[in-house]
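# Overview (structure and organization)
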Amino acid sequence: FESTTLASFTTENGHTGDGLYMKFVADAPKGIDPYFMLQVNFVPYTGRSPTYLDFSDMKAVSFYAKGQGRIRVVLLTAYSDSIATAEGSDWNAGFNVEYALNDDWTQYVLWSDALIPEKNSVLEKKGGEWDKAKDRVYKIVIKQGVDVVSEEKSTVEWYLDDVTIYGMDLQNFQ
């Protein structure tokens, strides 16, 4: 993963034309879930702190996906990072929704009012709210959920395509 680019995840077998494909072959001890993810920074990291985008107008994110296991779509924000820092946590949890994948292309819709803090995070324990965080978003992460690997040697595959953010225009990203 260290030298990969988004182009290395491209497949011609997307939902409509090209799409993203991620294959992870796990060789881990039983009971250990390996951690893997695809992340997109919305803004460049500059110096010590990132710049942010205002997602207040975002109504939903939709995408098509298929594969094995569960995935979480997480939006990371300055608000959630500040709560983690104040509590001495090294986990900058975000706001998320989790989905169970299946073998057929399925459209998933993440409504902005459904975003909740990641489970077992300081953000959840402190009652973090998306409405307080949505004006300072810097990254989206799509990562495996729990219980993806069922044996010591497992292969997990995801396909992702047609990601659309509703309620925002190109100007919101400049």
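### As for the confidence of the model for the protein chain
When pLDDT is averaged along the protein chain, the result is 79, and 70% of the positions lie at 70 or above. With pLDDT under 50 throughout, residues 1-7 is counted as low confidence; its partners more than four residues away or in other chains account for 6 contacts.

### Digging into the environment of V97
With respect to the element layout, V97 can be found in strand 8 (residues 95-100). We classify V97 as buried; its relative accessible area is 15%.

### Some points on the nonpolar core
Looking at soluble globular proteins, one finds that nonpolar side chains tend to be buried together. Judged by nonpolar contacts, the single largest core of 35 residues is most densely connected at F55, L75 and W130. When residues of this core are traced back to their parent elements, those giving at least two are strand 6 (60-67), strand 7 (70-77), helix 1 (78-86), strand 8, strand 9 (106-111), helix 3 (130-133), strand 11 (137-144) and strand 12 (153-166). Non-local contacts of L75, meaning those with residues more than four positions away in its chain, are made with F42, F55, M58, G94, F95, L115, W130, V137, K139 and I140.

### Some thoughts on the pattern of salt bridges
This model, assessed by the stated rule, comprises 8 salt bridges. Among the ionic pairs, E118 bridges to R72, the shortest N-O distance being 2.5 Å. With E118 in the loop between strand 10 (116-117) and helix 2 (122-125) and R72 in strand 7, the pair connects residues that are 46 residues apart, well separated along the chain. The pair formed by E118 and R72 is uniform in burial state, with each residue classed as buried. Where E87 meets K126, a salt bridge forms, and the shortest distance between an N and an O atom there is 3.4 Å.

### Comments concerning empty space enclosed by the protein
Going through the model one piece at a time under the given rule, you end up with 2 cavities of 30 Å³ or more. The space that makes up the second largest cavity amounts to roughly 40 Å³. As for the second largest cavity, its lining consists of A65, K66, I71, L101, I142, W158, Y159 and L160. Elements supplying a minimum of two residues to the lining of the second largest cavity: strand 6 and strand 12. The leading source of residues in the lining of the second largest cavity is strand 12, at 3 residues.

Quick notes on the rules
- Residues numbered from 1 in each chain as written.
- Predicted model: local features only at pLDDT ≥ 70, side-chain atom pairs only at ≥ 80, totals over all residues.
- Heavy atoms only, no water.
- pLDDT = per-residue confidence, 0-100.
- Contact = heavy atoms within 4.5 Å.
- Helix = DSSP H or I, 4+ residues; strand = E, 2+ residues; numbered from the N terminus.
- Buried < 20%, exposed > 50% of the residue type's maximum accessible area, 1.4 Å probe, protein only.
- Core = buried A, V, L, I, M, F, W, Y, C linked by side-chain atoms within 4.5 Å.
- Salt bridge = Lys/Arg side-chain N within 4 Å of Asp/Glu carboxyl O.
- 1 Å grid on protein atoms, 1.4 Å probe; cavity = no way out; pocket = protein on both sides within 12 Å on 5 of 7 lines; lining within 4 Å.
- Points joined across faces, edges and corners; volume = space filled by probe spheres on them.

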